[in-house]
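Tertiary structure, described
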Amino acid sequence: MKAEYLEKSVQPVIAVKPDSSHIKVSYNIPQESVYYSYGVDYVVENGVMRVFINRCPIKQTCEPMAKNVLPINLDWKAEVVLPHMQEKVVLVHADGEQVVYQ
């Protein structure tokens, strides 16, 4: 897994708990001509979930672990729902990390 986007390019990032076993993370999709974000990959280790926003070429199939549940439209918003058991959630960016749920 690799962080592709700078932190400022996906803001605002919002994480909420819709129920006790999931977390919903929303973010802005950077507007690019040959790439898009179709979802995220994640790994859970030592009580921390690290989330990586996918950057998919438009002419290739992309299979993120959690797919965007919103249609990609002029709002350029993405929303993913992840299994969550109260871990700290960190969004990993190309230029650092952002704690989105603690």
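A brief report on the enclosed structure follows. These figures come from a predicted structure and were not determined experimentally.

This part covers the sheet that holds strand β8 (residues 77-83). If you walk across this open sheet you meet the 3 strands as β1-β2-β8, and the pairing is antiparallel. In this open sheet, the two edge strands, each paired with only one partner strand, are β1 (14-19) and β8. Taken pair by pair, the neighbouring strands of this sheet meet at an average axis angle of 25°, ignoring direction. Where strand β2 (residues 22-28) lies against β8, 7 bridges are found, and the strand directions are antiparallel. The residue bridging Lys24 from the neighbouring strand is Val81, located in β8.

Further remarks concern the state of the cysteines. In total, this model carries 1 disulfide according to the counting rule given. Disulfide partner of Cys56: Cys62, at an S-S distance of 2.0 Å. Handedness of the Cys56-Cys62 disulfide follows from its S-S torsion of about -50°: it is left-handed. Each member of the pair Cys56 and Cys62 is classed as buried.

Our focus in this paragraph is the packing of aromatic side chains. The geometry of an aromatic ring pair comes down to the distance between the two centres and the angle between the two planes. For the coordinates displayed, the defined rule picks out 1 aromatic pair. Across the ring face of Tyr35, the terminal group of Arg55 is positioned such that the distance to the ring centre comes to 3.8 Å.

The sheet contact formed by β1 and β2 spans 4 bridges and is antiparallel. If you follow Asp19 over to β2, its bridge partner there is His22. Counting the residues between successive antiparallel strands, the hairpin from β1 to β2 contains 2 residues.

What follows is about the nonpolar core. Counting residues in each nonpolar core, the largest one holds 20 residues, and the members touching the most others are Val13, Tyr27, Val40, Val51, Ile53 and Leu82. Filtering out sequence-adjacent residues up to four positions away, Val40 remains in contact with Tyr27, Val51, Phe52, Ile53, Asn54, Pro64, Met65, Ala66, Val80 and Leu82.

As a further point, take the pattern of salt bridges. Inspection of every chain in the model, using the stated rule, returns 3 salt bridges. Glu97 is the salt-bridge partner of Arg50, the closest N and O atoms lying 2.8 Å from each other. Of this pair, Arg50 sits in strand β5 (residues 48-53) while Glu97 is found in strand β10 (residues 96-101), placing the two residues 47 residues apart along the sequence. The class of Arg50 is partly exposed, set by a relative accessible area of 29%. Residue Lys67 is joined to Glu63 by a salt bridge in which the shortest nitrogen-to-oxygen separation is 3.2 Å.

Turning next to unusual backbone geometry. Between Gln11 and Pro12 the backbone carries a cis peptide bond, its omega angle lying at 0°. Note that Pro12 resides in the segment before β1. One non-glycine residue, Gln86, adopts positive backbone phi at about 75°. For Gln86, the location among the structural elements is in the loop between β8 and β9 (88-93).

What counts and what doesn't
Residues numbered from 1 in each chain as written. Predicted model: local features only at pLDDT ≥ 70, side-chain atom pairs only at ≥ 80, totals over all residues. Heavy atoms only, no water. Pairing = 2+ DSSP bridges. Helix = DSSP H or I, 4+ residues; strand = E, 2+ residues; numbered from the N terminus. Axes fitted to C-alpha atoms, helices over the stretch in contact; angles between N-to-C directions. Disulfide = S-S within 2.5 Å. Buried < 20%, exposed > 50% of the residue type's maximum accessible area, 1.4 Å probe, protein only. Phe/Tyr/Trp six-rings, centres within 6.5 Å; stacked < 30°, edge-to-face > 60°. Lys NZ or Arg CZ within 6 Å of the ring centre and 35° of its normal. Core = buried A, V, L, I, M, F, W, Y, C linked by side-chain atoms within 4.5 Å. Contact = heavy atoms within 4.5 Å. Salt bridge = Lys/Arg side-chain N within 4 Å of Asp/Glu carboxyl O.

These figures come from the coordinates and say nothing about function on their own.
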